[in-house]
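# Analysis of the macromolecular model
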Amino acid sequence: MVATSPFKADLLSDTLTRPSEAMREAMVRADVGDDVFGEDPTLRALEERVAGMLGHEAGLFTPSGSMANQLGVRLHVRPGEELIGDSLAHVVRAELGAAAVLSGISSRTWVSERGRFRADDAASLMVTGVGPYQVCTSLVIVENTHNFGGGTVQSLDEIRRAREVTRERGVAMHLDGARLFNAHVASGVPIDDYGREFDSVSICLSKGLGAPVGSVLVGSADAMAESRIWRKRFGGGMRQAGILAAAGLFALDHNVDRLADDHARARRAAEAMAEAAPGSVDLATVETNIVIVDVAAVGWTSAAFVDAALAAVRVHRGRQSFQRAFIDIGRRVVQQAHRLLERHQLQ
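These notes cover the structure that comes with them. Just so it is clear, the structure is predicted and the values come from calculations on it, not from any experiment. (Residues numbered from 1 in each chain as written. Predicted model: local features only at pLDDT ≥ 70, side-chain atom pairs only at ≥ 80, totals over all residues. Heavy atoms only, no water.)

## Some words on the packing of aromatic side chains
One pair of aromatic rings is described through two measures. These are the centre distance and the angle between the planes. In the structure shown here, the tally under the stated rule is two aromatic pairs. A cation over a ring is seen here: Arg74 above Trp230, with NZ or CZ 3.4 Å from the ring centre. Above the ring of Phe148, the side-chain terminus of Arg93 is found at 4.3 Å from the ring centroid. (Phe/Tyr/Trp six-rings, centres within 6.5 Å; stacked < 30°, edge-to-face > 60°. Lys NZ or Arg CZ within 6 Å of the ring centre and 35° of its normal.)

## Comments concerning the pairing of strand β6 (residues 172-177)
Across the six residues that make up β6, a large majority, six, are buried. Of the two faces of β6, both are covered, the one formed by Ala172, His174 and Asp176 as well as the one formed by Met173, Leu175 and Gly177. Bridge count between strand β5 (residues 137-143) and β6: five bridges; the pairing is parallel. Directly across from Leu139, in β6, lies its bridge partner Ala172. Examined bridge by bridge, β6 and strand β7 (residues 200-204) share four bridges and lie parallel to one another. Paired with Asp176 across the bridge in β7 is Ser202. (Buried < 20%, exposed > 50% of the residue type's maximum accessible area, 1.4 Å probe, protein only. Helix = DSSP H or I, 4+ residues; strand = E, 2+ residues; numbered from the N terminus. Pairing = 2+ DSSP bridges.)

## Concerning the sheet that holds strand β4 (residues 106-110)
The mixed open sheet is built from seven strands, whose spatial order is β2-β8-β7-β6-β5-β3-β4. Only two strands of the sheet have a single neighbouring strand rather than two, namely β2 (58-62) and β4. If you compare each strand with its neighbour and ignore which way they point, the axes differ by 20° on average. Packed on one face of the sheet, helix α3 (residues 65-76) meets β2, β3 (82-86), β5, β6, β7 and β8 (215-219) and runs near 20° to β8. (Axes fitted to C-alpha atoms, helices over the stretch in contact; angles between N-to-C directions. Contact = heavy atoms within 4.5 Å.)

## A short note on the side chain of Asn69
Residue placement: Asn69 occurs in helix α3. Residue classification places Asn69 among the buried positions, given a relative accessible area of 2%. There is a polar contact of 3.2 Å between the side chain of Asn69 and the side chain of Asp176. Not counting residues within four places of it along the chain, the set of residues in contact with Asn69 comprises Val91, Glu95, His174, Asp176 and Ser202. (Polar contact = N/O pair within 3.5 Å; in protein donor to acceptor, adjacent residues only side chain to side chain.)

## What to know about the nonpolar core
In this structure, Leu46, Val140, Leu180, Ile203 and Leu205 are the most contacted members of the largest nonpolar core, which totals 48 residues. When sequence neighbours within four positions are dropped, the list of residues in contact with Ile203 reads Val50, Leu54, Gly177, Ala178, Leu180, Phe181, Ser215 and Val216. Ranked by size, the runner-up nonpolar core spans 12 residues in total, among them Ala269, Ala274, Val281 and Val293. (Core = buried A, V, L, I, M, F, W, Y, C linked by side-chain atoms within 4.5 Å.)

## Focus: the packing of helix α2 (residues 41-53) against helix α11 (residues 242-254)
With their axes 8 Å apart at the nearest point, α2 and α11 run at an angle of 35° to one another. With respect to the hand of their crossing, α2 and α11 are arranged in left-handed fashion. Judged by residue contacts, Thr42, Leu43, Ala45, Leu46, Arg49, Val50 and Met53 of α2 engage Gly242, Ala245, Ala246, Gly248, Leu249, Leu252 and Asp253 from α11. Tallied by class, residues from the contact of α2 with α11 come to nine nonpolar, three polar and two charged. (Left-handed = near helix turned anticlockwise from the far one by under 90°. Nonpolar A, V, L, I, M, F, W, Y, C, P; charged D, E, K, R; others polar.)

Below is the structure:
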């Protein structure tokens, strides 16, 4: 179902997806129970399925990706200890300081190009075995694909190198896999190959997969039992949430492979913008469903570019403009966006 929008092409985010009629029908027919008591069969089926897909023992449904990440962080880091990740990571940049506010956790970061994960960066920042003299590192965060990096797909080899180091030093690893299925489709790496390298993994169902709500955190059975308690403390206990879980199950059945269509549309959009405004898009960086437009390279400010486009095209307003292709956008809409962007560039 196409999202209602005043724009001819709404490219703000892949979070704007809306459930199809078939997904809505699955939600209506969902078998439900009270999940606070662990009695919702559809929700349990979703948790078990995602855990199995990622090579873990158990899963836990959450209403948002941020909650899934924060529950994952809390599993591994005690108050007064630290997590580390790159400076653009969603956990440290876009979750409003939740690790510090909710769990007493500090964070340190390294700078990486487009959020690209390098094992050496993590290893060089880790501090372990220092007793009462410094803050100890307890967790390394990896984001795949990397949102603010522009949809970067992380190297499995680099992840495995980091896993060897963290295992030796007693440091856990958490994967923010909000767009992990995009990484899987783009790279061809089996999704459980990614998942098995981490102590916990979160995945999101409400972005390119098209469900209206929800993420799933996976890990060991004991870890998920503990996270279930903390989910309730964080206000995330839900009752007949099988209605939402049914959408997630439908998405896993029908919408994973079609992420390749999103990637292809993003690529066509990037090529059109690069042709209309040479230097604005580095095509080598367009790996999945996110396109970063460097408007400064062609003499625009970000605000001026967005204001010019807003007559018909909505994109992300910031230091750079983001464009995401997603499930609601068809080929003709993307082509319309190309023409409009080119027209505004040439004015």
